[in-house]
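Next come the chains, spelled out residue by residue.
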Amino acid sequence: MSDPGIAIRECTSIEDFQQCIELERAVWKDDDIGIMPIRLYMISKACNAPTIGAFESSGRMVGFVHTMIALMDRHVVYHSHLAAVLEDLRHQDIGFRMKVAQRQHAMKAGVPLVIWTFDPLQSRNAHLNINKLGAIVRRYEVNYYSEGLSTVFDSEVPTDRIFAEWWVSSPHVESVLAGNRPRVEDRAPSVLIPEDINKVRSRSVEEHLKWRIRVRESFQSALAGGLIVRGFERADGTSRYLLGADEEQFHFKA
């Protein structure tokens with residue numbers, strides 16, 4: 001349930017960005033060398049790439065989403081670089097509300113696409129990105145952040161990532177944000193993942209690695225055939241990415 005006492009707004013001050021850094025440390029417990037400094041938050045702000053924060057009435061930040069400027073096919077897009085919400089508030093739609101604010105900023109700025117990476121084995125993230133926001137996936141990267149690069153990334157399992165593409169003004173996104181599940185054809189091809197990879201990991205690193213390789217091969221095969229991820233299903237034990245045909249609405253206009 002969404003907490004109406006949480007205000008969503010753009011971060012604009014040094015004090016706001018200092019709270020972002022404190023939240024980085026609290027959520028990821030990363031070494032200082034992996035923490036993004038205030039000057040980079042300020043540079044993004046100067047380039048009209050917003051950092052969206054979630055604040056309690058006391059002024060305490062409980063979540064943020066940081067945005068960077070990027071280029072794709074000679075088009076300016078947003079790269080949603082960092083996202084964090086305090087652990088005990090992660091089921092209150094705060095992340096969703098911050099992404100909606102990010103979308104509004106992108107539309108106002110004339111930016112058609114927001115991209116970000118996420119772990120294809122994390123079903124909760126897949127559900128948010130695909131079923132609630134309306135992102136699609138057409139790109140898979142092997143060991144994107146390397147292994148053990150920082151305390152955030154696994155030292156024993158490759159950090160494969162998929163790219164979410166959020167075509168913010170598309171009919172698909174508008175439909176999903178209105179509360180409709182993404183439309184996928186019956187008997188759509190799918191990629192199977194565990195419902196909770198963290199539980200798998202707690203039992204066996206070897207089993208985690210086997211899932212990584214299996215899912216990698218399935219994704220690479222499906223995407224190479226021109227399919228894109230359009231939907232996601234969660235179930236007890238396993239979940240599935242649902243693939244379908246690409247469409248013009250998921251491309252830059254000529």
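In what follows, the structure referred to is the one given above.
Our subject in this report is the structure included herewith.

**Structural notes on the nonpolar core**
Counting 33 residues, the largest nonpolar core has W116, F118, F219 and Y241 as the members making the most contacts within it. No other element matches helix 7 (residues 205-224), which puts five residues into this core. Aside from chain neighbours lying at most four places away, what touches F118 is N125, A126, N129, V137, R161, I162, A164 and Y241. Grouped together as the second largest cluster of nonpolar side chains are 26 residues, F17, F55, L86 and A101 included.

**A look at unusual backbone geometry**
With glycine set apart, most residues show a phi of negative sign, and most peptide bonds adopt trans. Backbone geometry places N48, a non-glycine residue, at a positive phi of 65°. Positionally, N48 belongs in the loop between helix 2 (38-46) and strand 2 (51-55). Overall, the relative accessible area of 40% leaves N48 in the partly exposed class. One non-glycine residue, R74, lies in positive phi territory at about 70°. Following the sequence through the fold, R74 ends up in the loop between strand 3 (61-72) and strand 4 (75-85). What makes R74 exposed here is its relative accessible area of 85%.

**Focus: the pairing of strand 10 (residues 238-244)**
Of all seven residues in strand 10, five are buried, a share of seventy percent or more. By the bridge criterion, five bridges tie strand 8 (residues 190-194) to strand 10 in an arrangement that is antiparallel. Within strand 10, the position partnered with I193 by the bridge is S239. What sits between the antiparallel neighbours strand 9 (residues 228-234) and strand 10 is a turn of three residues, in which G237 has the positive phi angle 95°.

Procedures and definitions
- Residues numbered from 1 in each chain as written.
- Predicted model: local features only at pLDDT ≥ 70, side-chain atom pairs only at ≥ 80, totals over all residues.
- Heavy atoms only, no water.
- Core = buried A, V, L, I, M, F, W, Y, C linked by side-chain atoms within 4.5 Å.
- Buried < 20%, exposed > 50% of the residue type's maximum accessible area, 1.4 Å probe, protein only.
- Helix = DSSP H or I, 4+ residues; strand = E, 2+ residues; numbered from the N terminus.
- Contact = heavy atoms within 4.5 Å.
- Pairing = 2+ DSSP bridges.

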